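# Examination of the molecular architecture
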There are 2 protein chains.
Amino acid sequence: MKKRIAIDMDEVMADTLEALIDRYQNDFNIEIDRTDMEGWHLEDYVDPEHKQEILNYMKQKGFFENLPLIEGAQETIEKLHRDHEVFIVTAATQLPHSMEEKVKWLNKHFPYIGWRNMVMCGDKSIVIADYLIDDHAHNFDGFRGEGILFHSLHNAKETRYKRIHAWTEFEELLNSSLSHSMQA
Amino acid sequence: MKKRIAIDMDEVMADTLEALIDRYQNDFNIEIDRTDMEGWHLEDYVDPEHKQEILNYMKQKGFFENLPLIEGAQETIEKLHRDHEVFIVTAATQLPHSMEEKVKWLNKHFPYIGWRNMVMCGDKSIVIADYLIDDHAHNFDGFRGEGILFHSLHNAKETRYKRIHAWTEFEELLNSSLSHSMQA
């Protein structure tokens, strides 16, 4: 059965956090201990005096266009796209310059998705889909499908939603849910 | 009762067609007879040799940032925003450079809307709302709320949907539908 799957970009497809940590470590010559970062966004974890610097990284031209990939995203999303309806749904209207960069990044790494299935928005409760895979639990507020939390350091302490640690886990979850609904 | 109202931008809030006609008439020294244009998009109505020129206007920097307003849009949408939940939903991912310009245009003319309630997308069936006000009937395919067709020359022959010719008509339609549902 064909499902509509909405997928967030930052920290789900694109490794935004790694890019920020790399940049920060490099600029301030500070080593970030990722095991100590659970429950924190990088900008709130670092010295308060550095917070604005990190937020500024995201405002710089090229930041979103050059993000590295989350492991497994390309392989799994290509499979999902073959059997289901995949929409990319990313909060981007707050940083208007990021939108064109995000489209370029998607066209480069996920060329089969296409502009029809891209959504740049703010409040994701405007979207209707069977699943929303996202690292921010607040995006599940008012969402009418099932929210699947993609593991990230900042959401490590969130317990209200199904959590996946890697893309292969979503394939398993979807297959088991589909075979379940066929038996029912 | 608070409704969620999704509103398209081009030819609904922004007078994209007037901007294109102005530019075309000026560049080619040709007078467009609007009464003859019913059922046509400008790019298909003109000499086929000029079609690409018109499509190129939309690719030029500044085009979407400087569009004139559709009459009554500011007044009515501000009222709607006070009593309901207004989302701007515009097909923009096909022209990635347009997205930042569209946000700037919205911030200038509709500053109370805010980034949370802006959606730049392709296929609008991803959106859930009570109403979608749009000049393109194809955007109502798969839309789960009520599609309200905003009159435009190109859609003049479309008969499947409720049509409004001006923003004040939507206020009337909504008020009558709300008082109807309160009586029921």
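Bear in mind the structure is a predicted one, so any value in this text is a computation, not a measurement. (Residues numbered from 1 in each chain as written. Chains lettered and ligands numbered in written order. Predicted model: local features only at pLDDT ≥ 70, side-chain atom pairs only at ≥ 80, totals over all residues. Heavy atoms only, no water.)

### Considering the overall build of chain A
Along the backbone of chain A there are 6 helices and 6 strands. The order of helices and strands in chain A, counted from the N terminus, is β-α-α-α-α-β-α-β-β-β-β-α. Computed over C-alpha atoms, the radius of gyration of chain A comes to 17 Å, within 12% of the 16 Å expected from 2.2 N^0.38 for 184 residues, which places it in the range of a compact globule. With the principal axes as the frame, chain A shows a C-alpha extent of 55 × 35 × 30 Å. Expressed as a percentage of its 184 residues, the buried residues of chain A come to 51%. For chain A, the proportion of contacts with a sequence separation of at least 24, taken over those separated by at least 6, is 63%. (Helix = DSSP H or I, 4+ residues; strand = E, 2+ residues; numbered from the N terminus. Rg over C-alpha atoms; globule rule 2.2 N^0.38 Å. Buried < 20%, exposed > 50% of the residue type's maximum accessible area, 1.4 Å probe, protein only. Contact = heavy atoms within 4.5 Å.)

### Comments concerning the relation of the copies chain B and chain A
By a simple turn and slide, chain B fits onto chain A: the slide is 0.0 Å along the axis, the RMSD is 0.0 Å, and the turn is 180°. Expressed as an axis order, the relation between the two copies is that of a two-fold axis. (Least-squares fit on C-alpha atoms with pLDDT ≥ 70 in both.)

### Describing the interface of chain B and chain A
Quite often, the size of an interface is put as the accessible area lost when its parts meet. The interface of chain B with chain A comprises 22 residues on the first partner and 22 residues on the second. Note on chain B versus chain A: buried area summed over both sides is about 2300 Å², and carbon and sulfur give 67% of it. In terms of surface lost to chain A, no three residues of chain B exceed Trp115, Ile126 and Ile128 of chain B, which account for 29% of the buried area on that side. Linking chain B with chain A are 0 salt bridges. Linking chain B with chain A are 9 residue pairs in polar contact (both at pLDDT 80 or more). Elements with a contribution of two residues or more to the side of chain B that touches chain A: helix 5 (97-109) and strand 3 (118-121) of chain B. Class assignment for the residues of the side of chain B that touches chain A results in 12 nonpolar, 5 polar and 5 charged. (Buried area = accessible area lost by both parts, 1.4 Å probe. Salt bridge = Lys/Arg side-chain N within 4 Å of Asp/Glu carboxyl O. Polar contact = N/O pair within 3.5 Å; in protein donor to acceptor, adjacent residues only side chain to side chain. Nonpolar A, V, L, I, M, F, W, Y, C, P; charged D, E, K, R; others polar.)

### As for the pattern of salt bridges
Residue and element names in this part refer to chain B. Scanning the model with the defined rule gives 20 salt bridges over all chains in all. Lysine 124 serves as the salt-bridge partner of aspartate 8, at 3.0 Å between the closest nitrogen and oxygen. Of this pair, aspartate 8 sits in the loop between strand 1 (4-7) and helix 1 (16-28) while lysine 124 sits in the loop between strand 3 and strand 4 (131-134), placing them 116 residues apart in sequence. The exposure class assigned to aspartate 8 is buried, which follows from its relative accessible area of 5%. The closest approach of N and O atoms between glutamate 158 and arginine 160, which form a salt bridge, is 2.7 Å.

### Details of the packing of helix 4 (residues 73-83) of chain B against helix 6 (residues 167-183) of chain B
Residue and element names in this part refer to chain B. It is the contact of helix 4 with helix 6, at a shortest axis distance of 8 Å, that shows an interaxial angle of 25°. On the basis of their axis angle, the class for helix 4 and helix 6 is roughly parallel. Listed contacts from helix 6 to Ala73, Thr76, Ile77, Lys79 and Leu80 of helix 4 are Trp167, Thr168, Phe170, Glu171 and Leu174. Tallied by class, residues from the contact of helix 4 with helix 6 come to 6 nonpolar, 2 polar and 2 charged. (Axes fitted to C-alpha atoms, helices over the stretch in contact; angles between N-to-C directions. Parallel < 35°, antiparallel > 145°, perpendicular 65-115°, else oblique.)

### Some remarks on helix 1 (residues 16-28) of chain A
All names here are of chain A. Taking 1.5 Å per residue, 13 residues should reach 18 Å; helix 1 reaches 18 Å between its end C-alpha atoms and fits that length. Restricting attention to buried positions, one finds in helix 1 the residues Thr16, Leu17, Ala19, Leu20, Ile21, Tyr24 and Gln25. Immediately downstream of helix 1, the backbone of asparagine 29 shows phi near 55°, a positive value. (Expected span 1.5 Å × (residues − 1).)

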